[in-house]
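The primary structure of each chain is shown beneath.
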Amino acid sequence: QVQLVESGGGSVQAGGSLRLSCVASGSAGIPYYMAWFRQAPGLEREGVASIYTEGGTAYYAASVKGRFTISRDYHKATVYLQMNSLKPGDTAVYYCAADLKTPIMTAIQALRTTLYDAWGQGTQVTVSS
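Residues numbered from 1 in each chain as written. Predicted model: local features only at pLDDT ≥ 70, side-chain atom pairs only at ≥ 80, totals over all residues. Heavy atoms only, no water.

Some details on the state of the cysteines
What counts here: A pair of sulfur atoms, both from cysteines and within 2.5 Å, is called a disulfide here. Helical segments are the DSSP runs of H or I of at least four residues, strand segments are the runs of E of at least two, and each set is numbered from the N terminus. Burial classes follow relative accessibility: with a 1.4 Å probe on protein chains only, a residue under 20% of its type's maximum area counts as buried, one over 50% as exposed, and anything between as partly exposed.
Following the criterion strictly, the structure yields one disulfide and no others. Residue Cys-22 pairs covalently with Cys-96 via a disulfide, S to S 2.0 Å. Disulfide Cys-22-Cys-96: torsion about the S-S bond near -85°, hence left-handed. Here the residue Cys-22 occupies a position in strand E3 (residues 18–25), and Cys-96 occupies one in strand E9 (residues 92–99), the gap between them amounting to 74 residues. For Cys-96, a relative accessible area of 0% corresponds to the buried category.

Structural notes on the environment of Asp-73
Where we set the bar: In what follows, a contact means two residues having at least one pair of non-hydrogen atoms within 4.5 Å.
As for its placement among the helices and strands, Asp-73 is situated in strand E7 (residues 68–73). Relative accessible area serves as the criterion here: at 25%, Asp-73 is assigned to the partly exposed category. Put simply, Asp-73 and Gly-10 are 63 residues apart on the chain and 23 Å apart in space, counted from C-alpha to C-alpha. Leave out the neighbours within four places in its chain, and Asp-73 touches Thr-78 and Tyr-80.

Some details on the sheet that holds strand E1 (residues 3–7)
Stated precisely, the cut-off is as follows: Whether two strands pair depends on DSSP finding at least two bridges between them. A fitted line through C-alpha atoms represents every axis, and for helices the fit uses only the stretch in contact; the resulting angles, taken between N-to-C directions, go from 0 to 180 degrees.
One open sheet accounts for four strands, arranged E1-E3-E8-E7; its pairing is antiparallel. Each end of this open sheet is capped by a strand with a single partner; those strands are E1 and E7. Taken pair by pair, the neighbouring strands of this sheet meet at an average axis angle of 15°, ignoring direction. Pairing of E3 with strand E8 (residues 78–83), which is carried by six bridges, proceeds in the antiparallel orientation. Within the sheet, the bridge partner assigned to Leu-18 lies in E8 and is Met-83.

Considerations on the packing of aromatic side chains
Rules: Any Phe, Tyr or Trp ring, taking Trp's six-membered ring, that has another such ring centre within 6.5 Å forms a pair; planes under 30 degrees apart are called stacked, those over 60 apart edge-to-face, and the others tilted. Two limits define a charge over a ring: the Lys NZ or Arg CZ must be within 6 Å of the ring centre, and within 35 degrees of the ring normal.
The tally for this structure, following the rule as stated, stands at four aromatic pairs. Between Phe-37 and Tyr-116, the aromatic rings sit 5.3 Å apart at their centres with planes inclined by 75°, giving edge-to-face as the arrangement. Taken together, the residues span a long stretch of sequence, with Phe-37 in strand E4 (residues 33–39) and Tyr-116 in the loop between helix H1 (107–110) and strand E10 (118–119) at a distance of 79 residues. The pair Phe-37 / Tyr-116 is uniform in exposure class, with both members buried. An aromatic cluster of at least three residues, connected via ring pairs, comprises Phe-37, Tyr-116 and Trp-119. Note that Arg-19 overlies the ring of Tyr-80, its terminal NZ or CZ placed 4.1 Å from the centroid. When the ring centre of Trp-119 is taken as reference, the NZ or CZ atom of Arg-45 above it lies at 4.9 Å.

Just geometry here; none of it tells us what the structure is for.
Pasting the structure below:
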């Protein structure tokens, strides 16, 4: 079992920045991958960024590459998402996710919901124009 607690959402104007944090805790140990997904009203949940917690390899959706940075503190089982140059299209509920069973993912798998076993409650990010 793992519990994920997100923090750091809020409202910001276009061009601004926000930093999200997610802490994993519980008896399952440190996840292999941790990731951020987002879901806007009426749309499917989409992968934003993922990171291999031990080695630090990161994967990004094309829509956020160059603007968002995912990082982790391995021993604290914490993942961060630094979001810069935010756009109104980034408005969504952002969810933290953890993979406990799949030690190796491809870049495509890392940004899909399928292989993630635990999810946070989500944190709202609103970007106004």
